[in-house]
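Each chain is listed here by its residues.
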Amino acid sequence: MSDRAFAFCLLAAVPLVWAADSQQIENRKLTWGDFRGTPEPDRPYDAYTYWSVQYSYDAPTREGDGYRLVVRVWNVLGERSWVNPKVLKDPKNADLLDHEQGHYTLGVLCALEFKREASRRRFGAHYHAEIRGLFDQTLNKYLDLEKAYDSETRHMLDRAAQHSWDQHLARMVSEHWGDR
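Below: a short report on this structure. (Residues numbered from 1 in each chain as written. Predicted model: local features only at pLDDT ≥ 70, side-chain atom pairs only at ≥ 80, totals over all residues. Heavy atoms only, no water.)

**Some points on the nonpolar core**
- Counting 40 residues, the largest nonpolar core has Tyr55, Val71, Val73, Leu109, Phe114 and Ile131 as the members making the most contacts within it.
- Elements that contribute at least two residues to this core include exactly strand 2 (51-57), strand 5 (71-77), helix 1 (93-120), helix 2 (127-153) and helix 3 (159-176).
- In terms of residues, this core owes the most to one element, helix 1, which gives 11 residues. (Core = buried A, V, L, I, M, F, W, Y, C linked by side-chain atoms within 4.5 Å. Buried < 20%, exposed > 50% of the residue type's maximum accessible area, 1.4 Å probe, protein only. Helix = DSSP H or I, 4+ residues; strand = E, 2+ residues; numbered from the N terminus.)

**Description of the packing of aromatic side chains**
- Per the stated rule, a full pass over the model turns up 11 aromatic pairs.
- When the ring of Tyr55 is compared with that of Phe135, the centres are 5.3 Å apart and the planes differ by 40°; the resulting orientation is tilted. Of this pair, Tyr55 sits in strand 2 while Phe135 sits in helix 2, and the two are 80 residues apart along the sequence.
- When its relative accessible area of 1% is taken as the criterion, Phe135 is described as buried.
- A centroid spacing of 6.2 Å and a plane angle of 80° characterise the contact between Tyr57 and Tyr127, whose relative ring orientation is edge-to-face. (Phe/Tyr/Trp six-rings, centres within 6.5 Å; stacked < 30°, edge-to-face > 60°.)

**Some points on the packing of helix 2 against helix 3**
- One way to put it is that helix 2 packs onto helix 3 with a least axis distance of 8 Å and a crossing angle of 150°. In terms of their interaxial angle, helix 2 and helix 3 are classed as roughly antiparallel. At the point where helix 2 passes helix 3, the crossing takes the right-handed sense. Along its contact with helix 2, which presents Tyr142, Leu145, Ala148, Tyr149, Glu152 and Thr153, the element helix 3 presents Ala161, Gln162, Trp165, Leu169 and Met172.
- Of the residues assigned to the contact of helix 2 with helix 3, the class counts are 8 nonpolar, 2 polar and 1 charged. (Axes fitted to C-alpha atoms, helices over the stretch in contact; angles between N-to-C directions. Parallel < 35°, antiparallel > 145°, perpendicular 65-115°, else oblique. Left-handed = near helix turned anticlockwise from the far one by under 90°. Contact = heavy atoms within 4.5 Å. Nonpolar A, V, L, I, M, F, W, Y, C, P; charged D, E, K, R; others polar.)

**Examining the layout of surface pockets**
- Each pocket or cavity is described by its volume, and for the largest pocket that value is around 180 Å³.
- For the largest pocket, the full set of lining residues is Asn27, Arg28, Lys29, Asp98, Gln101, Gly102, Thr105, Asp166, Leu169, Ala170 and Val173.
- At the level of elements, helix 1 and helix 3 are the ones that each hand at least two residues to the lining of the largest pocket.
- The residue inventory of the lining of the largest pocket, partitioned by class, reads 3 nonpolar, 4 polar and 4 charged. (1 Å grid on protein atoms, 1.4 Å probe; cavity = no way out; pocket = protein on both sides within 12 Å on 5 of 7 lines; lining within 4 Å. Points joined across faces, edges and corners; volume = space filled by probe spheres on them.)

**What to know about the pairing of strand 2**
- Of all 7 residues in strand 2, 7 are buried, a share of seventy percent or more.
- Residues of strand 2 alternate between two faces, with Trp51, Val53, Tyr55 and Tyr57 on one and Ser52, Gln54 and Ser56 on the opposite face, all of them buried.
- In this sheet, strand 5 lies alongside strand 2 in antiparallel orientation, the contact comprising 7 bridges. Note that in strand 5 the partner of Gln54 across the bridge is Trp74. (Pairing = 2+ DSSP bridges.)

**Focus on helix 2**
- Helix length check: helix 2, at 27 residues, gives a terminal C-alpha distance of 38 Å against a target of 39 Å (1.5 Å per residue), a fit within 8%.
- Residues of helix 2 that are buried: Tyr127, Ile131, Leu134, Phe135, Thr138, Leu139, Tyr142, Leu143, Glu146, Tyr149, Asp150 and Thr153.
- Buried residues belonging to helix 2 abut strand 2, strand 4 (66-68), strand 5, helix 1 and helix 3.
- Two residues or fewer after helix 2 comes Arg154, characterised by a positive phi angle close to 50°. (Expected span 1.5 Å × (residues − 1).)

**Focus: the environment of Val108**
- Tracing the chain through its elements places Val108 in helix 1.
- Taking the relative accessible area as the measure of exposure, Val108 reaches 0% and is therefore buried.
- The spatial distance from the C-alpha of Val108 to the C-alpha of Trp51 is 8.9 Å, given a sequence separation of 57 residues.
- For Val108, the residues in contact, after removing those within four places along its chain, are Ile25, Glu26, Asn27, Asn75 and Trp177.

Everything listed is a geometric property; what it means functionally is a separate question.
In structure tokens form, the structure reads like this:
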């Protein structure tokens, strides 16, 4: 495969959803079977990962001069995630899947951090706006990390940097997994 074939820039699409859903934060190994979307011809990549973090909460509970929210948070690998079929024929496709796993893991970390922070916080009378602000702040942090991830790994071409990021992400998940 050419260098171009390994130049992937994956952006996390993270919409806010207000739904009564009992799904949980899921950290799992991805397979190419998870990438069911149609390749986007306007993207110069061989794969693209769409992940989202979604949340809902029950009516707030009064606590002192503020409110506590019981927040449910879950992550989703989007149906639009795709891989170019020619990549699947290349023996090096495991390297690409490893890189895609890093993007998904950043979404897992975003969900974990948001849940932890929302669970610890006491909100004011405008809790709808406050929790949305907290979500946006957390999301922006992980979108910035996605950019750093792609930049530092050179979209997985820098194998040493990729390995370093893999270890760093695994440590972060291990440290925060109990917060779910």
